[in-house]
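# Fold and contact review
So the chains spell out like this:
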Amino acid sequence: MNGTRALPQLARRVTDKATFCAISAALALLCIACGSGSEVADHPGKAVYQQYCYACHQAGIADAPILGDKDAWAPRLSKTRAELLDSVIQGMVPGMPPRAGCGTCTDDELAAAVDFMVLRVE
């Protein structure tokens with residue numbers, strides 16, 4: 001009888017721990033998405049990044065350098081801002097579509113997204 005009484009308490013603890021872990025993970029992701037400082041969190045390129053760049057640059061799809069990964073970004077950071085922007089505008093093999101897939105983005109908006117990503121690496 002004592003074992004059956006302990007089962008609901010154990011289930012409650014597991015649920016509480018699972019809830020705690022889920023909330024902790026969500027908060028950690030939120031903190032990562034917000035950036036490490038206000039200059040990044042409020043950056044004008046963040047919205048374009050989140051809408052058009054995030055899917056590939058968060059997961060490293062098609063050789064996209066993961067946001068914040070210094071080693072992956074090192075070869076790109078040796079390029080000028082104009083060269084990086086040109087890569088975005090023209091697209092790159094294997095998977096970077098021209099204009100990052102944003103047919104309505106201006107060059108200035110794309111440049112702001114590039115600046116946002118570079119800030120997250122430096």
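Up top you'll find the structure we're talking about.
To keep things clear, this report deals only with the structure shown in the data block.

Cut-offs applied
- Each residue is numbered by its place in its chain's sequence as written, counting from 1.
- For this predicted model, a pLDDT threshold of at least 70 governs which residues receive local features, and a threshold of 80 or more governs which side-chain atom pairs are given and counted, while totals over whole chains, interfaces and linings are taken from all residues.
- Water and hydrogen atoms were dropped before computing side-chain values, which therefore reflect all heavy atoms in the structure.
- One side-chain nitrogen of Lys or Arg within 4 Å of one carboxyl oxygen of Asp or Glu is enough to make a salt bridge.
- Runs of E in the DSSP output that reach at least two residues are strands. Runs of H or I that reach at least four are helices, and both are numbered from the N terminus.
- The buried label goes to any residue with under 20% of its type's maximum accessible area, the exposed label to any with over 50%, and the partly exposed label to all in between, with areas taken from a 1.4 Å probe on protein chains only.
- For this analysis, residues touch if any pair of their heavy atoms sits within 4.5 Å.
- Under the rule applied, a polar contact is a pair of N or O atoms within 3.5 Å (in protein, one hydrogen donor and one hydrogen acceptor; residues adjacent in sequence only if both atoms are side-chain atoms).
- Whenever a helix is involved, its axis is fitted only over the stretch in contact; in every case the axis is a line through C-alpha atoms, and angles between N-to-C directions fall within 0 to 180 degrees.
- Put simply, angles under 35 degrees are roughly parallel, angles over 145 are roughly antiparallel, angles from 65 to 115 are roughly perpendicular, and the rest are oblique.
- Crossing handedness is read from the near helix: turned anticlockwise from the far helix by less than a right angle, it gives a left-handed crossing, and turned clockwise, a right-handed one.
- Throughout this entry, Asp, Glu, Lys and Arg are counted as charged residues, while Ala, Val, Leu, Ile, Met, Phe, Trp, Tyr, Cys and Pro are counted as nonpolar. The remaining residues, Gly among them, count as polar.
- Between 30 and 60 degrees the pair is tilted, below 30 it is stacked and above 60 it is edge-to-face, where a pair is any two Phe, Tyr or Trp rings, Trp via its six-membered ring, whose centres lie within 6.5 Å.

### Points about the pattern of salt bridges
Opposite charge on two side chains permits pairing when their charged atoms draw close. Applying the stated criterion across every chain, the model contains 2 salt bridges. A salt bridge links aspartate 115 to arginine 81, with the shortest nitrogen-to-oxygen separation between them at 2.8 Å. On the criterion of sequence distance, the pair formed by aspartate 115 in helix α6 (residues 107-121) and arginine 81 in helix α5 (residues 81-90) is long-range, its members being 34 residues apart. The class of arginine 81 is partly exposed, set by a relative accessible area of 47%.

### Description of α5
Residues of α5 that are buried: Leu84, Leu85, Ser87, Val88 and Ile89. Buried residues belonging to α5 abut α4 (70-77) and α6. After α5 finishes, the residue glycine 91 shows a positive phi value of roughly 90 degrees.

### Examining the side chain of histidine 43
Position of histidine 43 among the secondary structure elements: in the loop between α2 (38-41) and α3 (46-59). Relative accessible area serves as the criterion here: at 14%, histidine 43 is assigned to the buried category. One polar contact links the side chain of histidine 43 to the main-chain amide nitrogen of glycine 45, over a distance of 2.9 Å.

### Here's the deal with the packing of α4 against α6
Between α4 and α6, whose axes approach to 10 Å, the crossing angle comes to 125 degrees. By the angle class used here, α4 and α6 are oblique. The handedness of the crossing between α4 and α6 comes out as left-handed. Along the contact surface, α4 presents Lys70, Trp73 and Leu77, while α6 presents Met117, Val118 and Val121. Looking at the contact of α4 with α6 residue by residue, the class counts come to 5 nonpolar, no polar and 1 charged.

### Quick notes on the environment of glutamine 90
Its place among the elements puts glutamine 90 in helix α5. Residues glutamine 90 and alanine 100 lie 10 residues apart in sequence; the distance between their C-alpha atoms is 8.8 Å.

### Quick notes on the packing of aromatic side chains
A complete count under the given rule lists 2 aromatic pairs for this structure. When the centroid spacing of 6.2 Å and the interplanar angle of 80 degrees are considered together, the rings of tyrosine 49 and tyrosine 54 count as edge-to-face. Classification of tyrosine 54 by relative accessible area gives partly exposed; the value is 42%. Ring plane angle 45 degrees and centroid distance 5.3 Å describe the contact between tyrosine 49 and phenylalanine 116, whose orientation is recorded as tilted. You can see tyrosine 49 sitting in helix α3 and its partner phenylalanine 116 sitting in helix α6, a full 67 residues away along the chain.

So, to be careful, I would describe these as geometric facts and stop short of saying anything about function.
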